[in-house]
Amino acid sequence: MISLDNEHTPPSSAEEAAALLGAAISFDTTSYNVNNPPSPTAAASDASAKNPPQGMHSIFTVQAPVPNQILFIRLINLRAWLRWHAGIDDELGISFPAHIKPPPTKDDSSGQQPFQAARSILAVLQKLLEMSSALAAEGGFGANGDDMTIAAMSPKLSVKKSLTAKQNNNQQHRPLPPLLSTPLRLAWVECTALCLSLGSNLPGNLRTDANSLINKMMEISNWNPRSKMASGGVRLSALMVLGKICVLDVDLAKRVSPYAYEILTCCHKGLLSGGVGEPGHRLESMNTAWRLAVACRRSHDANRMMHSKNNNNDSGEVQSSFLTTGAMEDRAVIEAIKVIKRATADKYPEVRMGAAVFAGIMAPMLIRNIRSANMRGGGKDGASNGGGDSGAGASAPLVWLEEVTQVAMRNIDDESAGVATAWASCLARCLCASSEYGQSIRAAQSEDEASRRSADVDHEAVMTTNNNNNLDFASKFKALRGASTTAATSASSSVASAIVYMVTQFVKCGGEATSNKCGGTYSIGGRASRIGYADALTEYLRLQSSRGEFQLVEALNPVIEMVGASFEAQVQQGERATGGRDDAADFYAPSSPRSSPEKKPPPSLSSAFLSARGSKARSSADSSIGRLLASNVVRKGITENVPESSQLTILRGLATMCRSSVAHTSPDGGTDARKSVGEEKGKHMNRHQLQVALIEMSHIVVSVGEAGASSLEDLHPILQDCLSHPDHGVRHEAAALYAAIAQAFPSEGRKFAIESLSGFNANLDAIQCLSFRVASTPTPAPRMRFGRSRSNTSEHSSIITPADELLRHQATLHGNALAVSMLMHEFPHCHGGVATAIVSKAFEVAEKLLQCQFDDKLTKVNPTAACTCVRAGYCLMSGALTMGIGAIIPHVSAIFSFWQGSIMAVLPGVSKLSSSHDLMIVETMLSSVVCFLKFCPSLLLAIPDALTRLTGILEKVFPLISSGGKFESEKNTAMGRSRLSSARASVMEAYSWLPPGSFPMSADRIFSFAVSQIQELTENDVLCSILEALVSKEDKLIDAHSFERAVSPGQIGGSVALDNNISLRSSDVVHHNEREAILHLLAWRKKLRTRMQGGDYCMSPILGAYLREGDEKCSPTPLHEVGRWREPLDPIGTSKVRLLDCCIHVFAATFGLQDGQTQAEALHMLESVYNVAQPEKTTNRFNVSSSLITESQGKLKPPEEDVPSTNLTAAVLACLQALPLFEATHDTLIGVGPPWMERATNLLLRLLPTQSDIIRRGAAEGLALLATLGVSEDANTLQSTILHSLDEVMKGVIPGSPKTHELETLSYARAGSLLTLACIQRAAMRMARAEKERAESRSVSSPRSSKRENNSPPVMIMMTRLLPSLATQNIDGDSLLARAYALHSFGILISNSLPKRDLSSSQIQIVWKAVEAVETSFLSAWSAITSDISKGREREKFSAEPTSECVCRSVSIFSLA
């Protein structure tokens, strides 16, 4: 900004830095040079600005220096020197001259000299406190702010009014009271605390009075917020000073800890007197409170360490403990509990987060002093009378801890996932303190009993009996009442009991449909309750691991009980309520041979689909969520925190439990009658526990690698039996464990694959024999006994009927096919590569299994068993297809013959099976077709008729699965709807993988089907997942959120626990059938693709690969290079979402092939769906400022889950990205382009003011493509129309919306419009590069290159429209969100318009303007959230702060580069 000569020369000492700071405080930093202050006459002539070159707009004028810039530099220099004297920084920065030596460390006490200037520097710093208050009180940032600023700073130095009001108004940035600026305030607070620390130990008058400063800060923080002297951020700064003093060093912690009660009283008053417009002050009150708790604990630990040294303990180390009894006085603890309770009811999640952090830090200090309790209670109510277990002995010391524990349990399901995670951590810390207290009590009792045994035992027994008889009724009632008020802490008197207690609460809180709110003001109930208890248990185990006294292996059995018998009973009750099992039901396999779908409908799948908008009674995520949470606790809480030897112990223990819970399998796949379940000693587990155990065993096998070789001999027979388990989930996890073993031991995986493939023949023969046997044997009706069938009684449980044995064989067939197919995923990536013998054997077995479809006898007596065999055959084929071309080339002709035979057998008039069974076969067959196209696309060229035969198969299947086809009737059942959606999605995916133009006869039908499905699924409230992949990754940083306001995974970094919490709250449950449908479509190890378009970015190849998206095409074959073919995304698990994503992709791919009328009708359909949803959203709106989700559901509903807007944005954006680039036209003006372009423009303009960041980004990119595509089609007026519409949207004139809008809506509209301007330039540059690359590849010159440059969007005009949003003239109307978007857009415009070197004068001016924008956004826009400047935008400022910081760093890095 200003010349780097003497102006920014680093000071040579702390005293000089303080003198320069004092000068900066005394002068008007917006008009004067600090080192060489000009005279008033010179001030008038010096414009203090860098004017742009001739011809540039005056908006590019660079103000130098910007408000508070020099003051901030002086503070940073002073802070660096103070850190130097305190020995904090290990390295010297830019704030030091070159001759300064590195600072002495804290450990090197000999090198540190007393800093005698601390007191005088502290006095200089206090002037800034007074000046900021005076500026705000006198209107220092009002209309005549400059003159009043000068007068308020120093009346003696007040200059004459040589600068007119007109000259002052020409400045784009007005001054802000310094302490309202967050960077200045943070620097000032740290400088103040450092001065206090450096001068607190000096002698005599040189010493800084810590007591006086603390009292002064508390007095200022208690000022009336409406008073003039409290304005300017001084109250907030005073609180921050108190907090910084608490955590700066141990010496200051000792000095501030005696003021714990007074400071907590100030914090409590801050919560009460903050008012509606002061959430920032309430937040800082909580931050100061938890910092005070840290100071009290550090002071207590230091005193204990000193005491241990005085007792000749050479180590002097304080043993790690969860208890710090006596660290805070009783009245302070009582006040702290009041503060916590008050803060939990605040509507801002930031304040509630502070309460959770404060409560977690306070947990070790909430146990009352045991000695004082014994003295007051005479031994009856003290800790010696039963302490940690129950009774009055525990009530007195634990009553405060119990109170905070109950607060944590009530808020563990907070609507904010970040706050809920913090409360879960708090609950874990409270129970850690309780369990350690119980252990100390038991240790004291044991010691007391040992001392009694050394004395006269009989005499002591008599005395104890007499004392116990003296207890009156009041004492007994008090003991009973005390035990009831400390239920949680009393039940957690040991580590084992605490684990059992949390597991009990996990099960007791109920499932998603039955769980009520936990009791907090912002509780949501539902699945969030169980998620909270699981997080608390995980954190508890981690804390116990850090201490090292508890063996985590012992926690395995109680943790497994999270999905034990009680959990199973709840799940079964829910299954009976919904008419069938939820996610354990198998749709295609193991069922009765006579259970025809026409006579007996299969179990309902209504419970398998989890929708936040559906009826609460139909919710069914309980079993899936429970298993996932239990698995996370075992892995994150136990396995990851133990050494390798303990992991192997856990592996063996889990294997033993599985062995005792799974029936033995005979060589032919049936039940081994010679052995019974439970012969081996071990814990018997249900189906949920088995899945959890198998999942963890997979993780352990992969993590320990070759160290687990000793366990393979025990694992193989167990896994073979698990592959025959009746539950689908157990078979799937057992197959996944085999794949995990193959990663570490490839030879073992190949050995099992060969053995399994060799056993298919015997299993298939057994299925056929048992099917005929069961069909010829009449089965008597079961006799009822007391309302139950005799088959359910224990006396008949050991009898294995032929029907049960048949189901066992079918399960074995399915499990082994699944395991072998998953192993074939791994073989290409393992040592040894692909074994051709295994592939050949797999195709041989698959052929035999697929022939069951044509076995008339088997399909007649047991069609379900026949379908099971066919699906197993296609499962093996799909697994082989994932191995690549080299493995399947010898079998290509067989593959096509299999497909052709299966599809001909299901055609109407030919099929001998029911439509349900035919759909089961078609679904799996289509998955194998998609695997062929995805993993072996080059065979479309290598085999002459492959493309023709594939399109012929798809054209035969399409009428069957389309609306009105053979399988339309399957939509009457939830199971059929799931299969039909999966089959339709496979067909759409197959067409997506085909080369463009290879299906001209079906394009129109496919387009119409995709349009109808998009409309139908959107009306059914199905949300697509494709939008995230369509928008630019370069804009990802504007989607940053704070820990408290994150609503989607990936919006914050570095918190796996929070991402898991959000995912579990908001994700849909994928059924086993849906998971298996896409199992082979998900690449286990994707081919690494490096996209380094333009080389490194800011000298970083990682940033270059992430930020600078390449335009290169990853086309699988030359046929796919025609047009703008786009690779389909990996499918999502939920069948409905998968179908919607595929339909959007196909809709976009075929949109350009339609005529103008069809395109306009399709856009009209999308618009109608959006219009219908708008009145519903208006009438059902909830208060977004105080709620993040709907009240009746436990599934989080983030703003991104606006179904119509998201689906509409994805569809329009995908269409625009798929349109081809026209190389030449007849240069005929066609107005604003085709009719569909105008309709799409209006739709996207209406979507710009949305609350969702992802929708706003998609709408902006869509408008940018419309503007650039319009130029390519000679629709020259479309671009100008869009630019004009953006100006109107920024003013609040939104098409199809009312004239009046809320402040937040206007901010969203401005933000979206500003981003669109940048996207237009980015899209134009990408199209220009694409045309240039195409011309170079064809060795011709593009006739449109020069014309596109002439018709390209005017960059300077767009910058001119952006820059007013970066000014700080009117802070009252400033939007931090719009400013962040403006700064990000400005950076995009610069990066897509300026060259990397050899800049012109105007381009250099633009770079200087970018630097100024970063400085003003950092120093002025990032300000305190107070009523002075927020003006009703408090929520927006909290939400936009992370985005603003990320954008500032990004643009500053680019400017420096």
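Quick notes on the rules
Residues numbered from 1 in each chain as written. Predicted model: local features only at pLDDT ≥ 70, side-chain atom pairs only at ≥ 80, totals over all residues. Heavy atoms only, no water. Helix = DSSP H or I, 4+ residues; strand = E, 2+ residues; numbered from the N terminus. Buried < 20%, exposed > 50% of the residue type's maximum accessible area, 1.4 Å probe, protein only. Contact = heavy atoms within 4.5 Å. Areas by Shrake-Rupley, 256 points an atom, 1.4 Å probe, with all protein chains shown as cover. Salt bridge = Lys/Arg side-chain N within 4 Å of Asp/Glu carboxyl O. Axes fitted to C-alpha atoms, helices over the stretch in contact; angles between N-to-C directions. Parallel < 35°, antiparallel > 145°, perpendicular 65-115°, else oblique. Left-handed = near helix turned anticlockwise from the far one by under 90°. Polar contact = N/O pair within 3.5 Å; in protein donor to acceptor, adjacent residues only side chain to side chain. Core = buried A, V, L, I, M, F, W, Y, C linked by side-chain atoms within 4.5 Å. Expected span 1.5 Å × (residues − 1). Nonpolar A, V, L, I, M, F, W, Y, C, P; charged D, E, K, R; others polar. Phe/Tyr/Trp six-rings, centres within 6.5 Å; stacked < 30°, edge-to-face > 60°. Lys NZ or Arg CZ within 6 Å of the ring centre and 35° of its normal. pLDDT = per-residue confidence, 0-100.

Asks: I'd love a proper account of the overall build of the protein, names of residues and values included.
Replies: Looking only at helices and strands, one finds 58 helices and 4 strands in the protein. Looking at the protein residue by residue over its 1457 residues, the buried ones come to 57%. Considering only intrachain contacts with a sequence separation of at least 6, the fraction spanning at least 24 residues in the protein is 80%. In the structure as shown, the protein presents an accessible area of about 58200 Å², 54% of it carried by carbon and sulfur atoms.

Asks: Got a sec to walk through the pattern of salt bridges? Specific residues and values, please.
Replies: Using the criterion set out here, one finds 41 salt bridges in the structure. With its nearest N and O atoms 3.2 Å apart, the salt bridge here joins R547 to E436. With a gap of 111 residues between them, R547 in helix α22 (residues 527–547) and E436 in helix α17 (residues 417–453) connect regions that are remote in the sequence. Residues participating in the shared-partner salt-bridge network are E968, K971, R984 and E1016.

Asks: Describe the packing of α17 against helix α44 (residues 1056–1066), with residues and values.
Replies: As a packed pair, α17 and α44 sit with axes 9 Å apart at the nearest point and diverge in direction by 120°. Classified by the interaxial angle, the pair formed by α17 and α44 is oblique. The two elements α17 and α44 meet at a crossing, and its hand is right-handed. Of α44, the residues touching α17 (which contributes A417, G418, A420 and T421) are A1057, L1058, N1061, I1062 and R1065.

Asks: Can you tell me about the side chain of S1032, naming the residues and giving the values?
Replies: Along the chain, the position of S1032 falls in the loop between α43 (1027–1030) and α44. Engagement of the side chain of S1032 in a polar contact is seen with the backbone nitrogen of E1034, the distance being 3.2 Å.

Asks: Mind laying out the environment of A238, listing which residues take part and the relevant values?
Replies: Along the polypeptide, A238 turns up in helix α9 (residues 234–248). Under the relative-accessibility criterion, A238 is labelled buried at 0%. Setting aside chain neighbours within four positions, we find A238 in contact with M217, I220 and S221.

Asks: Tell me what's going on with the nonpolar core, and back it up with residues and numbers.
Replies: W899, F932, M988 and F1147 are the most contacted members of the largest nonpolar core, which totals 387 residues. Sorting elements by how many residues they give to this core places α17 first, with 13 residues. Leaving out residues up to four positions away in the same chain, F1147 has contacts with F1007, A1010, V1011, I1014, A1162, L1166, A1211 and C1215. Judged by nonpolar contacts, the second largest core, of 5 residues, contains A417, I1052, L1058 and I1062.

Asks: How would you summarise helix α37 (residues 892–905) if you had to cite specific residues and measurements?
Replies: In an α-helix, one full turn covers 3.6 residues, which means residues spaced three or four apart are oriented alike. For α37, with 14 residues, the first-to-last C-alpha span of 20 Å sits near the 20 Å given by 1.5 Å per residue. Taken residue by residue, α37 has V892, I895, F896, F898, W899, S902, I903 and A905 as its buried positions.

Asks: Explain the packing of helix α26 (residues 644–659) against helix α28 (residues 712–722) residue by residue, including any values.
Replies: In the contact formed by α26 and α28, the axes pass within 10 Å of each other and the chain directions differ by 40°. Classified by the angle their axes make, α26 and α28 are oblique. Considering the relative orientation of α26 and α28, their crossing is left-handed. Of the residues in α28, those touching α26 at A655, C658 and R659 are L715, P717, I718 and D721. Of the residues assigned to the contact of α26 with α28, the class counts are 5 nonpolar, no polar and 2 charged.

Asks: Could you give me a rundown of the side chain of T288, with the residues and numbers involved?
Replies: Relative to the assigned elements, T288 resides in helix α12 (residues 279–310). Using a relative accessible area of 0% as the deciding quantity, one classes T288 as buried. Apart from residues lying up to four places away in sequence, T288 is in contact with L239, M240, L242, G243, I263 and C267.

Asks: Go over the packing of aromatic side chains, please, and point to the residues and values.
Replies: All chains considered together, the criterion is met by 15 aromatic pairs. Considering the side-chain rings of F72 and F1418, the 5.7 Å spacing of their centres and the 75° angle between planes classify their relative orientation as edge-to-face. Remark: F1418 occurs in helix α57 (residues 1401–1421) and F72 occurs in helix α3 (residues 69–86); sequence separation between them is 1346 residues. With relative accessibility at 18%, the residue F72 sits in the buried group. Ring geometry for F896 versus W899: centroids 5.4 Å apart, planes at 75°, classification edge-to-face. A residue pair is termed a helical-turn pair when its members lie 3 or 4 positions apart in one helix, as F896 and W899 do in helix α37 at 3 residues. Of the residues examined, W899 reaches a relative accessible area of 0% and is grouped as buried. Positioned above the aromatic ring of Y522 is the side chain of R352, whose terminal nitrogen or guanidinium carbon lies 4.3 Å from the ring centre.

Asks: Mind laying out the environment of L1315, listing which residues take part and the relevant values?
Replies: By the element assignment, L1315 lies in helix α53 (residues 1303–1337). Classification of L1315 by relative accessible area gives buried; the value is 0%. Sequence separation of L1315 and A1259 is 56 residues, and the distance between their C-alpha atoms is 9.6 Å. Setting aside residues no more than four positions away along its own chain, L1315 makes contact with D1035, I1038, R1257, A1260, Y1381, H1384 and S1385.

Asks: I'd like to hear about the environment of N1171, residue by residue, with values.
Replies: Relative to the elements of secondary structure, N1171 occurs in helix α48 (residues 1156–1179). Under the relative-accessibility criterion, N1171 is labelled partly exposed at 31%. N1171 sits 34 residues away from S1205 along the chain, and the two C-alpha atoms are 9.9 Å apart.

Asks: Explain the confidence of the model for the protein to me, using residue names and the numbers behind them.
Replies: Caution is warranted with low-pLDDT regions, since their predicted coordinates should not be read in detail. With 76% of its residues at a pLDDT of 70 or more, the protein has an overall mean of 79. When pLDDT is averaged over each element of the protein, helix α14 (residues 349–362) comes out on top at 95 and helix α2 (residues 40–45) at the bottom at 36. Taken together, the stretch residues 140–170 has pLDDT below 50 and engages in 52 contacts with residues farther than four places along the chain or on a different chain. Low pLDDT (under 50) marks residues 581–619, which in the prediction has 110 contacts with non-local residues, meaning those over four places away or in another chain.

Asks: With reference to specific residues and values, describe unusual backbone geometry.
Replies: A positive phi angle, near 70°, is found at N68, a position not held by glycine. Residue placement: N68 occurs in the loop between β2 (62–63) and α3. Judged by its relative accessible area of 4%, N68 is buried. One non-glycine residue, D1021, lies in positive phi territory at about 65°. Within the element layout of this structure, D1021 appears in the loop between α42 (1003–1019) and α43.

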